[in-house]
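# Secondary and tertiary structure notes
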Amino acid sequence: MKEVERQSHIKQLDAWQNKQIIKVITGIRRAGKSTLLRQYQQRLLASGVDESRIVNIRFEDMGNDQLLEAKTLYNYLKNRITSQQMHYIFLDEVQLVEGFERVVNSLYLLDNVDIYLTGSNSHMMSGELSTLLSGRYISIHVLPLSFSEFESVHKGYSLDVYNDYTDTTSFPYALHLTDSDLISVYLHDIYNTVVMRDVVLHNKIDNVPLLMRLSRFMADNIGNLTTAKRTADTLTSIGLKTNSHTIENYMRYLTESYLFYPVQRYNIQGGEILRIGQKYYLADVGLRAAITGKRDSDYGRVLENVVYLELLRRGYEVFAGVFNGSEVDFVCRRNGVTEYYQVSESVVQTETLQRELFSLKSIRNSFPKFLLTLDNRPVCYHDGIQQRYVVDWLMER
């Protein structure tokens, strides 16, 4: 099975190469951050960069344990910079180094150093690093494979390939696993590692059963409006006594690990973000079965999750829209343009089609409006609203 080249991320790195700005690559564990660094190092070598000017350290490797102390790491890297030519430093899972922020800040002061960092959770960017390096870094977020990347291995896009994409997983390594039981074990391992290392240990959580039950609740309710109070009441009713403050914190920890992504609600008519209630989506829909313990039959919400992640990959700022009491699945902004998306498994039935179009038709502006479905039909329009076969839409690069 060939390795998928993450072309969109490579292009982003190309754009920032040799510029005095730190490249911070974040995302859930096993999304492909380390692979992206390796692919970019190979690209540098192919362009003529001498191997001696590339320094790559993976801090999860026990062989690098001696470099987990900040001063030792700094001295090691400083000694590797042996000429005035540009040196490329790749630090993988750098948050494992206590005090890494000062190391990075010191290296940044050198004119002949190009720095690339990866980390598995957003705490890396919420502490001293963001304070010390304000305006000196850009963040490149890596999700598991897009549908078009997944398809590039399977060769030929179709509804069957889409079903494979949602029924198995989009984590890159799983492409090497052909047995469904092995994929299930792999996904359980990712889930347990993220929860225990990036959430429980990092945030010193003592009520692990409550956290695990909350994650199952959130996975089971992707795309549904969720509030901390309502969730706390639900969990208390089944014997897990808690309160909205604790649930709000636990939800935040789960999103900081990139296991879930929160989507704020947006009042289209008033042009304001609503403070009450959010929707949550998973970093990979295959994780849903690993978390909830049941296979998916809710194809509409799974599709909505897939579309949300694709909108993120395309660089949109995404909200859940509200207009005159009706909902628009996604309100998306990019480069000063707003787009509206409604997502439905099927609109073959006239009643379903009219229901899905209603909120979009109510918005009286000229911004693009889309209805994405799994109905394999040519592009058509309903009063300016473009209906698309979502598999075609997902293949657009």
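Structure shown above.
Here we summarise the structure given alongside this text. Residue positions are counted from 1 within each chain, in the order its sequence is given. Local features in this predicted model are restricted to residues whose pLDDT is 70 or higher, and side-chain atom pairs enter the listing and the counts only when it is 80 or higher, whereas totals over whole chains, interfaces and linings include all residues. Note that the side-chain values use all heavy atoms of the structure and ignore hydrogens as well as water.

## Quick word on the packing of aromatic side chains
- Stacked, tilted and edge-to-face are the three classes assigned to paired rings of Phe, Tyr and Trp, where Trp is represented by its six-membered ring and a pair needs centres within 6.5 Å; plane angles under 30 degrees give stacked, over 60 edge-to-face, the rest tilted. Counted by the stated rule, this structure contains 15 aromatic pairs.
- Between the aromatic rings of Tyr173 and Tyr186, the centroid separation amounts to 5.4 Å while the plane-to-plane angle is 50 degrees, which identifies the pairing as tilted. One end of the pair, Tyr173, is in the loop between α7 (159–167) and α8 (180–203); the other, Tyr186, is in helix α8, with 13 residues separating them in the sequence.
- Consider the rings of Tyr341 and Phe370, whose centres lie 4.9 Å apart with planes at 15 degrees: the pair is stacked. For helices the rule is a DSSP run of H or I covering at least 4 residues; for strands it is a run of E covering at least 2, with both sets numbered from the N terminus onward.

## A word on the sheet that holds strand β3 (residues 87–92)
- For two strands to be treated as a pair, DSSP must find at least two bridges joining them. Pairing within the open sheet is parallel, and its 5 strands lie in the order β2-β3-β4-β1-β5. Each of the sheet's edge strands pairs with one partner strand only, and the pair in question is β2 (54–58) and β5 (137–141). Geometrically, the sheet is characterised by an average inter-axis angle of 15 degrees between neighbouring strands, direction not taken into account.
- In this structure, strand β1 (residues 22–26) lies alongside strand β4 (residues 113–119), joined through 4 bridges in parallel fashion. What sits directly across from Lys23, in β4, is Tyr116. Throughout, an axis means a line fitted to C-alpha atoms (over the contacting stretch in the case of helices), and angles, computed between N-to-C directions, take values from 0 to 180 degrees.

## Remarks on the pairing of strand β7 (residues 272–282)
- Sheet topology places strand β6 (residues 260–267) next to β7; 8 bridges connect them, and they run antiparallel. By the bridge assignment, Pro262 is partnered in β7 with Tyr280.

## Structural notes on the layout of surface pockets
- The computed volume of the largest pocket comes to approximately 890 Å³.
- Every residue lining the largest pocket is counted, 34 residues in all, and those nearest its centre are Ser8, His9, Gln12, Arg313 and Arg314.
- Counting residues per element, the ones that place at least two in the lining of the largest pocket are α1 (7–16), β5, α6 (147–154), β6 and α13 (299–313).
- Looking at which element gives the most residues to the lining of the largest pocket, the answer is α1, with 5 residues.
- By the convention adopted, Pro, Cys, Tyr, Trp, Phe, Met, Ile, Leu, Val and Ala count as nonpolar, Lys, Arg, Asp and Glu as charged, and the other residues, Gly among them, as polar. Counted by class, the lining of the largest pocket contains 9 nonpolar, 13 polar and 12 charged residues.
- Buriedness of a pocket was judged along seven lines, with at least five required to meet protein on both sides within 12 Å; pockets are open sets of points on a 1 Å grid over the protein atoms alone, cavities are sets where a 1.4 Å probe fits but cannot get out, and lining residues have an atom within 4 Å of a point. Grid points are joined across faces, edges and corners, and a volume is the space filled by probe spheres set on the points. Within this model, the second largest pocket holds a volume of roughly 540 Å³.
- If you trace the second largest pocket, you find 26 residues lining it, with Gly32, Ser34, Thr35, Arg38 and Tyr173 closest to the centre.
- Elements that contribute at least two residues to the lining of the second largest pocket include exactly α2 (33–46) and β2.
- The element best represented in the lining of the second largest pocket is α2, accounting for 7 residues.

## Looking at the side chain of Ser170
- Position of Ser170 relative to the elements: it lies in the loop between α7 and α8.
- Two residues qualify as a contact provided that any one of their heavy atoms is within 4.5 Å of a heavy atom in the partner residue. Dropping the residues within four chain positions of it, Ser170 is found in contact with Pro144, Leu145, Tyr165 and Asp284.

## Thoughts on helix α9 (residues 208–220)
- One less than the number of residues in a helix, times 1.5 Å, gives the span that helix is expected to have. Between its terminal C-alpha atoms α9 stretches 18 Å, which fits the 18 Å expected from 13 residues at 1.5 Å a residue.
- Restricting attention to buried positions, one finds in α9 the residues Leu210, Leu211, Met212, Leu214, Ser215, Phe217, Met218 and Ala219.
- Where α9 is buried, its residues contact α8, α10 (228–237), α11 (244–256), β6, β7 and α12 (287–292).
- With a side-chain oxygen positioned 3.2 Å from the backbone nitrogen of Leu210, the residue opening α9 is Asn207. Per-residue accessibility, obtained with a 1.4 Å probe over protein chains only, is compared with the maximum for each type, and a residue is labelled buried under 20%, exposed over 50%, and partly exposed between these values. In protein, a polar contact means a hydrogen-donor-capable atom and an acceptor-capable atom, both N or O and within 3.5 Å, with residues adjacent in sequence counting only if both atoms are side-chain atoms; elsewhere, any N or O pair within 3.5 Å suffices.

## Description of the sheet that holds strand β11 (residues 369–373)
- The sheet built from 8 strands is open, its strands ordered β7-β6-β8-β9-β10-β11-β13-β12 with mixed pairing. Of all strands in the sheet, those bounded by a partner on one side alone are β7 and β12 (380–382). Recorded for the sheet is a direction-independent mean angle of 35 degrees between the axes of neighbouring strands.
- When β11 meets strand β13 (residues 385–389), the two strands line up parallel, connected through 4 bridges. Looking across to β13, one finds that Leu371 is bridged to Gln387.

## Comments concerning the state of the cysteines
- Counting rule for disulfides: a pair of cysteine sulfur atoms within 2.5 Å. Counted according to the given criterion, the structure contains 0 disulfides.
- Unpaired in this structure, Cys332 has its nearest cysteine sulfur neighbour in Cys380, at a distance of 20 Å.

## What about the side chain of Arg301?
- Relative to the helices and strands, Arg301 resides in helix α13.
- A polar contact of 2.4 Å, which involves the side chain of Arg301, links it to the side chain of Asp298.
- Contacts of Arg301, omitting those with residues within four sequence positions, involve Asp220, Asn221, Ile222, Asn224 and Arg288.

## Things to note about the pattern of salt bridges
- By convention in these notes, a salt bridge is any Lys or Arg side-chain nitrogen within 4 Å of a carboxyl oxygen on Asp or Glu. Taken as a whole and judged by the stated rule, the model has 17 salt bridges.
- A salt bridge links Arg29 to Asp198, with the nearest nitrogen and oxygen atoms 2.9 Å apart. On the criterion of sequence distance, the pair formed by Arg29 in the loop between β1 and α2 and Asp198 in helix α8 is long-range, its members being 169 residues apart. In this structure, Arg29 and Asp198 share a single accessibility class: buried.
- Among the ionic pairs, Asp233 bridges to Lys229, the shortest N-O distance being 3.0 Å. Placement of the pair is Asp233 and Lys229 together in helix α10, with a separation of 4 residues, close to one helical turn.
- Residue classification places Asp233 among the partly exposed positions, given a relative accessible area of 44%.

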